[in-house]
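Chains, contacts and geometry: an overview
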Amino acid sequence: MFRLKTRIFLGEGSLSRLRKIATGYDRVLILASKSVEREGFLEEAERYISEAGAEVESIVGVSAEPSYEYVEEILPRAREFEPELIVAVGGGSVIDVAKAVKVFYDSPGTVFEEIAFISRFQRPKPIPKLKTPLIAIPSTSGAGSEVSGASVLKMGGVKYNLVSPEIAPDFAILDPRLPLTMPPKIARNSGLDVLVHAIEAYVSRAASPFSDAMAVGAAKTVFEWLPESVKGNKEAREKMHYAATMAGIAFLNGRLGLCHAMSHKAAWIAPHGLLNAILNPHVMEFNMKEETARLRYRELAKGLGMKDEEELLARVRELNEKLGVPKLRELVDEETFMTKLDEMAKKAYRDGLLVFNPVEPTPEEIREVYLKAFYEG
Ligand SMILES: [Fe+2]
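Residues numbered from 1 in each chain as written. Predicted model: local features only at pLDDT ≥ 70, side-chain atom pairs only at ≥ 80, totals over all residues. Heavy atoms only, no water.

**Re the overall build of the protein chain**
For the protein chain, the helix and strand inventory stands at 16 helices and eight strands. The buried share of the protein chain, reckoned over its 377 residues, is 58%. Considering only residue pairs separated by 6 or more positions, the protein chain has 79% of its internal contacts joining residues 24 or more positions apart. One way to put it: in the protein chain the 49 positive side-chain charges average out to a point 3 Å from where the 54 negative ones average out. (Helix = DSSP H or I, 4+ residues; strand = E, 2+ residues; numbered from the N terminus. Buried < 20%, exposed > 50% of the residue type's maximum accessible area, 1.4 Å probe, protein only. Contact = heavy atoms within 4.5 Å. Lys, Arg positive; Asp, Glu negative; His and termini not counted. Charge placed at Lys NZ, Arg CZ, Asp CG, Glu CD.)

In structure tokens, the structure reads:
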């Protein structure tokens, strides 16, 4: 099966699509990041919605690592306003929060702990049918949340996953003006996350020729354009913006694997994309020990115009180096890392994403991959 619920609009100025989409609704709620407000895009979005004849209310300032507690904090405002349409303008976190707001606004009796995925050995309750349409307008190029049916939220410091096609956005607007002002480090970290999404979706057990095509297209763009995008090149930023959504479509269908399972459990160390970039070559090396997985990496390498999987691995490492990705041991001291190591390995082993990883690792093997990442890269 291949699914894509989201209708995608793209191109410079496509933010104005809001006017058309909002027509016919009376009340529209916007969730936005502070940077979107600072750059004037919130005001622009509000104007399009007013021009459509709808009343608009904005909640600004969703944090980078959002929590369920924050969702609970803003829910009363949403309930009081009674929106018929929800718009998220910002990075992946803003879109993830909007998805959760939609769940508890549309289905007030729902309990977060009951519907959230925490372990692959426990099945949560399904998310009920939801009615309020959601528009996602990403301002960073990485998370893929604008097309995915997943929302990652922390509760009490632990990351939980909500997963359902019900929360996949109905519309995504990819206006390349928005990511143009991303700071270079965010462009780098989120861009490297795009590469990990593409690679993990490609070698996943759930991959199909359809998700493969999206993964190859996205990975190719990262290798060709990410270094220029980090420098702020306009054309490169636009290419990366679309590649992020393509990788999102790839992993919405092909899903992710060990690298994301491990990075989610190590989220206390560094930003998501950066951590993935550091772990990625080690996870690739681990997976390549098995012949069938190795062949998938080879196929991906060939799709990218490379000789074989070894060249792909070398190119991944080279890109990290070129973009100044730090070593894990520069981000966390040895003692702290070692204290948390067993717990991280155990938790990563329970992560639902391992079902899709081409090789099933033991907790001990996951521990080894963490250690290699710490001492070798
Ligand atoms: Fe990611």
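Next comes the rest of the write-up.
**Re helix H16 (residues 363-376)**
Between the first and last C-alpha of H16 there are 20 Å, a value that for 14 residues agrees with the 20 Å anticipated at 1.5 Å per step. Those residues of H16 that fall on the buried side of the exposure criterion are Ile366, Val369, Tyr370, Leu371, Ala373 and Phe374. Buried positions along H16 lie against helix H10 (258-265), helix H11 (272-287), helix H14 (328-331) and helix H15 (334-350). (Expected span 1.5 Å × (residues − 1).)

**Topic: the packing of aromatic side chains**
A full pass over the atoms with the stated rule returns ten aromatic pairs. With 4.3 Å between their ring centres and 10 degrees between their planes, Tyr68 and Phe112 make a pair best called stacked. Pair noted here: Tyr68 is in helix H4 (residues 68-81) and Phe112 is in helix H6 (residues 112-115), with a separation of 44 residues, a long-range link. By the burial criterion, Tyr68 is buried, and Phe112 matches it. (Phe/Tyr/Trp six-rings, centres within 6.5 Å; stacked < 30°, edge-to-face > 60°.)

**Let's talk about the coordination of the iron ion**
Coordination of the iron ion by the protein involves Asp193 (OD), Asp193 (OD), His197 (NE2), His260 (NE2) and His272 (NE2), with metal-donor separations of 2.1 to 2.5 Å. In primary-sequence terms, the residues that donate to the iron ion follow D-x3-H-x62-H-x11-H. Of this pair, His197 sits in helix H7 (residues 184-203) while His272 sits in helix H11, placing them 75 residues apart in sequence. With a relative accessible area of 2%, His197 lands in the buried category. In this structure His272 comes out as partly exposed when scored by relative accessible area, which is 23%. (Donors = N, O, S within 2.8 Å, 3.2 Å for Na, K, Ca; no water.)

**Re the domain arrangement of the protein chain**
One can read the domain layout of the protein chain as domain 1 (7-179) and domain 2 (183-375). Here domain 1 and domain 2 have C-alpha centroids that lie 25 Å from each other. At the interface, 24 residues of domain 1 touch 28 residues of domain 2. Three residues stand out in domain 1 for area buried against domain 2, namely Arg120, Ser141 and Lys159, and they jointly supply 28% of the buried area on that side. Counting across the interface, domain 1 meets domain 2 through two salt bridges. With a closest N to O distance of 3.3 Å, Lys234 and Glu12 form a salt bridge. Run the count over domain 1 and domain 2 and you get twelve residue pairs in polar contact (both at pLDDT 80 or more). For the side of domain 1 that touches domain 2, the secondary-structure elements that each account for two or more residues are strand E1 (7-10) and strand E7 (158-163). Considering only residue class, the side of domain 1 that touches domain 2 consists of eleven nonpolar, eight polar and five charged. (Domains from an automatic or database assignment. Buried area = accessible area lost by both parts, 1.4 Å probe. Salt bridge = Lys/Arg side-chain N within 4 Å of Asp/Glu carboxyl O. Polar contact = N/O pair within 3.5 Å; in protein donor to acceptor, adjacent residues only side chain to side chain. Nonpolar A, V, L, I, M, F, W, Y, C, P; charged D, E, K, R; others polar.)

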